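# Descriptive analysis of the structure
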Amino acid sequence: MSKVLLRYELLALLRDTRTIFLSVLLPIVLLPILLYTLNRFGQRVGGQFDDVYNIGRVIPSPGLDVIVDDALSPRTFREMQVEDGQAMLKEGHLDLLIKVLPPKEKEPELAEDILKMYPGFAPLLSQKPKGRPTLELLYRSDKERSVRAYVQASRDLHQFRDALLAEYLRRQNVSLGVRIRAEDVSTPQQRAAHQYGPALSAFMVLMLLGGGSVAALDSLAGERERGTLSTLFVSSISRREIALSKFAAVALISVAVALIQILNLGAYVFFGFVKWPLNAALPAGIGGLMVLLTLFTVEAIFTASLLLYISARSSSFKEAQLFFFPTFLVAFALSLSGLMPALVSRSVVSLIPLSGPGVFIPELLSGRLDLPVFFLQVAVHLGFAYLLLRSTLERMEREDFLGGQAPVFGKALLFEHFSQRTLPFFALLCAALFVIPSNFEALASLQGQGLFNQLILFLLAPYLLLKYYGQSLKDVVPFKMVDLRILLICLLLIPLGQLAATGLSHLLGPLLPAPVKALEMMMELLDIENTPAWQLYLLIGVMPGICEEFAFRGVLLHSLHKRFSPWMLAFVVALVFGFFHVNFFRVMPTAYLGFIMALLTLSTGSVLPAMMVHIGNNSLAVWAMKNSVDFEGMPEYVYFLSFLAQIALVYAVMKLGKGYPGTRWARGKTK
């Protein structure tokens, strides 16, 4: 590493106004806003607001005055005289409107309900059913105060009803059921750490990526575009020293950014401008503070090597920015791992850069300092940083790094543009997959999500991308017959793939547990009992097998087949495929199956085998759910043997297939 070049790089970066603005000035403005928002959100979740809500009564509502006076506290609810309550609620003058509906004649009263559950109470509860009135609460879900008023009033009214029931049973000399008393044994520090710790980790990743991006992307891609890098390459400084000097400069800037933001946070808290939701001192003391600083430092080193790698792979600053966008989305998503339910630091999440601290930091702030996990996360970040830096050095030492290739034009130029834009395009598709279905009620069902995800995101959108860049559908998505022996092997791979993926999920269970709530939501979405069988097979089996293979093993794989070796290409496509399956605990098993299907496509030069395996695998899963067949309950050696058999069959396909055109696996004459 050249000290002179390092000094020059640091001075150049410090003179860059974009770096200063993004790394220092902008966070100073954003940090108090973020903390204020987090405090308000925490108060809303915890019900800690001290607001007084305006409520009104619909007249006539017999008996409502007794309920309002006895159930609702005057310190929380202020009653207003209203003539047209619904109009005042609509205009925002009221937060809540209450009215009593007359009892229904056919509705039994409480005593009869109890008799149905406990016939032995008949001598005590012999009364004629008179019906029960219904209390109706009207509120506005688009107004935060109205929602809070409804939640608080509903809570108070339920407590009032329970108190009435208890008094009624006491007068009848009846002791019903058991008493339930709940107590939260976590400390305020632990609750605050769980709530705000993930946000702290994500904020630091945002600052590191935002602050270091300008410096890193300009240090190689920008200088190569301007021609200043070629001048530096003909000097006496070796390319290895140049790369190390630039990496050291970007890393120092990133570490400085992290320290500045920590000091910035401390200054706001110290002078009282912002109320920090956690205690000023970490529960682990000075050691905990050093652990936190070390984590931020290794994150800065990793992000610096990642950004420098992107810069080395790009021929211009604009192209580097295009690659930076999907990288930014994925890195930020990984940093939000602390928001995932059931994730703990002693799991596979600690082996993923940027994800480990998202889970570890809340545990650290709550007082649990797990040193083995801390050292593991440090080693993971430094190890991945070393691999990225080594790849950057290898790329810089290539003779064609500064150019010198034949000019690209015509169809070759269109394919080059298509290849550069595909990953950012799929990042946008992934964002759309997360955002759009969750905000439209029509897409909340299995049918809505299936039609939108498969037909729009995975079929129509990639097809329009092909048309825009003038790519041949026949070349991008090769759908051609293969050797009959390969088709027979694919039939065998369907149950073997199901068993191998199940075994992988079983193996990762203790490390990456599946949240029970997420599984319940998935089963509720599928609604096996009420959804016709043909819809399940179509929406879960056939359509994903066609549309997702078109998108991933077709468009995505073809766009990158000249940029990566076949093995690396299969890994990249599988990883992207896994992240599209939303739930974090499903990424690894899904990516594994995607890796197998990518190998089938690269071995045969056709998407037909992958489509066949994909449709068969999903349809087998549907059949298993409908018939209550549990793949989880098999002996462990079955999963292991299935995995070995799957490897042997995929190897056989690689030997029988003709390979993917344009890769080194291609054999013989290809059209």
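Below is a short write-up of the structure. As a convention, each chain's residues are numbered from 1 in the sequence order in which they are written. Thresholds applied to this predicted model are a pLDDT of at least 70 for local features of residues and 80 or more for the giving and counting of side-chain atom pairs; totals over whole chains, interfaces and linings are not thresholded and use all residues. Processing note: side-chain calculations cover all non-hydrogen atoms of the structure and skip hydrogens and water entirely.

## Here's the deal with the overall build of the chain
Helix and strand assignments come from DSSP, with helices taken as H or I runs of at least 4 residues and strands as E runs of at least 2, each series counted from the N terminus. A tally of regular secondary structure across the chain gives 23 helices and 4 strands. With a 1.4 Å probe rolled over the protein chains alone, any residue whose accessible area is under 20% of its type maximum counts as buried; one over 50% counts as exposed, and the rest are partly exposed. Here the chain, with 671 residues, has 46% of them falling under the buried criterion. Put simply, of all contacts in the chain between residues at least 6 apart along the chain, 79% involve residues at least 24 apart. For accessible areas, the Shrake-Rupley method is used with a probe of radius 1.4 Å. Any residue's cover is judged against the shown protein chains and nothing else. Surface exposure of the chain reaches about 35400 Å², of which carbon and sulfur atoms provide 64%. Here, two residues are considered to be in contact whenever any of their heavy atoms come within 4.5 Å of each other.

## Some points on the packing of aromatic side chains
Each aromatic ring pair is characterised by the separation of its centres together with the angle its planes make. Put simply, two rings from Phe, Tyr or Trp (the six-membered ring, in Trp's case) pair if the centres are within 6.5 Å, and we call them stacked under 30 degrees between planes, edge-to-face over 60, tilted for the rest. Applying the stated rule across the entire model yields 19 aromatic pairs. Among the aromatic side chains, those forming a connected cluster through ring pairs are Phe 425, Phe 426, Phe 458, Phe 552, Phe 577 and Phe 580. To sit over a ring, a charge needs its Lys NZ or Arg CZ within 6 Å of the ring centre and within 35 degrees of the ring normal. One cation-aromatic arrangement involves Arg 553 over Phe 577; the distance from NZ or CZ to the ring centre is 4.2 Å. Sitting above the plane of the Phe 415 ring, Lys 562 keeps its charged end 4.7 Å from the centroid.

## Focus on the nonpolar core
Only buried residues count toward a nonpolar core. Its members are Ala, Val, Leu, Ile, Met, Phe, Trp, Tyr and Cys residues joined through side-chain atoms within 4.5 Å. Within the largest apolar cluster, 61 residues are counted, with the highest numbers of intra-cluster contacts made by Phe 426, Phe 552, Val 555 and Phe 580. Elements with a minimum of two residues in this core: α14 (411–439), α15 (446–468), α17 (484–508), α19 (533–560), α20 (566–579), α21 (587–604), α22 (608–626) and α23 (636–656). Residues within four places of Phe 552 in sequence aside, it is in contact with Phe 426, Phe 458, Leu 557, Val 573, Val 576, Phe 577 and Phe 580. Val 205, Leu 229, Phe 317 and Ala 331 belong to the second largest nonpolar core, which has 30 residues in total.

## Considering the packing of helix α12 (residues 355–365) against helix α13 (residues 371–396)
Lines are fitted to the C-alpha atoms to define the axes, a helix being fitted only along its stretch in contact, and any angle between axes, read from their N-to-C directions, falls within 0 to 180 degrees. Where α12 contacts α13, the axes come no closer than 10 Å and their chain directions differ by 155°. One element, α12, and the other, α13, form an angle in the roughly antiparallel class. As for the relative orientation of α12 and α13, their crossing is left-handed in sense. Residues Gly 356, Pro 357 and Phe 360 of α12 form the contact with α13, whose own contacting residues are Val 373, Phe 374, Gln 377 and His 381. In terms of residue class, the contact of α12 with α13 is made up of 4 nonpolar, 3 polar and no charged. By the definition adopted for this analysis, an angle is roughly parallel if under 35 degrees, roughly antiparallel if over 145, roughly perpendicular if from 65 to 115, and oblique otherwise. Crossings are sorted by hand: turned counterclockwise from the far helix by less than a right angle, the near helix makes the crossing left-handed, and turned clockwise it makes it right-handed. Each residue is assigned to one of three groups, with Ala, Val, Leu, Ile, Met, Phe, Trp, Tyr, Cys and Pro labelled nonpolar, Asp, Glu, Lys and Arg labelled charged, and all others, Gly among them, labelled polar.

## Here's the deal with the environment of Leu 620
On the secondary structure map, Leu 620 appears in helix α22. For Leu 620 and Gln 498, which are 122 residues apart along the polypeptide, the C-alpha to C-alpha distance reads 8.0 Å. Aside from chain neighbours lying at most four places away, what touches Leu 620 is Ile 494, Pro 495, Gln 498 and Phe 631.

## Section: the pattern of salt bridges
The rule for a salt bridge is simple: a side-chain nitrogen of Lys or Arg has to be within 4 Å of a carboxyl oxygen of Asp or Glu. Inspection of every chain in the model, using the stated rule, returns 6 salt bridges. Between Arg 57 and Glu 79 there is a salt bridge whose closest N-O contact spans 2.4 Å. On the criterion of sequence distance, the pair formed by Arg 57 in strand β1 (residues 53–57) and Glu 79 in strand β2 (residues 77–79) is long-range, its members being 22 residues apart. You can call Arg 57 partly exposed: its relative accessible area is 23%. Between Asp 95 and Arg 145 there is a salt bridge, with the nearest N and O atoms lying 2.7 Å from each other. Highlighted residues: Asp 95 in the loop between α4 (85–91) and β3 (96–101) and Arg 145 in helix α6 (residues 144–171), separated in sequence by 50 residues. With a relative accessible area of 6%, Asp 95 lands in the buried category.

## So, a nonpolar patch on the surface
Taken together, Leu 451, Leu 455, Ile 456, Leu 459, Leu 460, Tyr 463, Leu 464 and Leu 473 make up a surface patch of nonpolar side chains, about 640 Å² in accessible area. Top contributing element to the nonpolar patch by residue count: α15, with 7 residues. Patch criteria: residues need more than 30% relative accessible area and no salt bridge. Like-charged residues are merged within 9 Å; nonpolar side chains of Val, Leu, Ile, Met, Phe, Trp and Tyr are merged within 5 Å.

## Some points on the side chain of His 614
Here His 614 shows up in helix α22. When residues no more than four places from it in sequence are discounted, the contact partners of His 614 are Pro 544, Gly 545, Glu 548, Glu 549, Arg 553, Phe 577 and Met 597.

## Comments concerning the sheet that holds β3
Adjacent strands of a sheet pair through backbone hydrogen bonds, lying either parallel or antiparallel. Any two strands with at least two DSSP-identified bridges between them are counted as paired. An order of β2-β1-β3-β4 is seen for the 4 strands of this open sheet, with the pairing classed as mixed. Both edges of this open sheet fall to β2 and β4 (134–138), since each of them pairs with a single strand only. The sheet shows a mean angle of 30° between the axes of neighbouring strands, taken without regard to direction. Summarising the sheet, β1 and β2 pair through 3 bridges and their orientation is parallel. Looking across to β2, one finds that Tyr 53 is bridged to Phe 77. Here helix α3 (residues 64–71) sits on the sheet and contacts β1, β2, β3 and β4; the angle it forms with β1, its principal contact strand, is near 160°.

## A few points about the environment of Arg 313
Here Arg 313 is to be found in helix α10 (residues 285–313). Look at Arg 313 and you get buried, because its relative accessible area is 17%. Considering only alpha carbons, one finds Arg 313 and Phe 323, 10 residues apart in sequence, at a separation of 9.1 Å. Once you skip the residues sitting within four places of it in the chain, Arg 313 turns out to touch Arg 224, Glu 319, Arg 395, Arg 563 and Phe 564.

## A closer look at unusual backbone geometry
If you check the backbone angles, Leu 354 has positive phi at about 75° while not being a glycine. Relative accessible area serves as the criterion here: at 2%, Leu 354 is assigned to the buried category.

## Re α21
Here α21 spans 26 Å end to end across 18 residues, near enough to the 26 Å set by a 1.5 Å rise per residue. With respect to burial, α21 is a largely interior element, 16 of its 18 residues being buried. A helix's residues, less one, multiplied by 1.5 Å, set its expected span.

## Observations concerning the packing of α21 against α23
Helices that pack against each other are described as a pair by the angle of their axes relative to one another and the distance between those axes. At their nearest, the axes of α21 and α23 sit 9 Å apart, and the two run at 20° to each other. Taken together, the axes of α21 and α23 lie roughly parallel to each other. Listed contacts from α23 to Tyr 592, Ile 596, Leu 599, Leu 600, Ser 603 and Thr 604 of α21 are Phe 643, Gln 646, Val 650, Val 653 and Met 654. Its residues assigned to classes, the contact of α21 with α23 comprises 8 nonpolar, 3 polar and no charged.

## Brief notes about the pairing of β3
In this structure, β1 lies alongside β3, joined through 3 bridges in parallel fashion. Paired with Ile 55 across the strands is Leu 96, a residue of β3. Pairing between β3 and β4: 5 bridges, direction antiparallel. If you follow Leu 101 over to β4, its bridge partner there is Thr 134.

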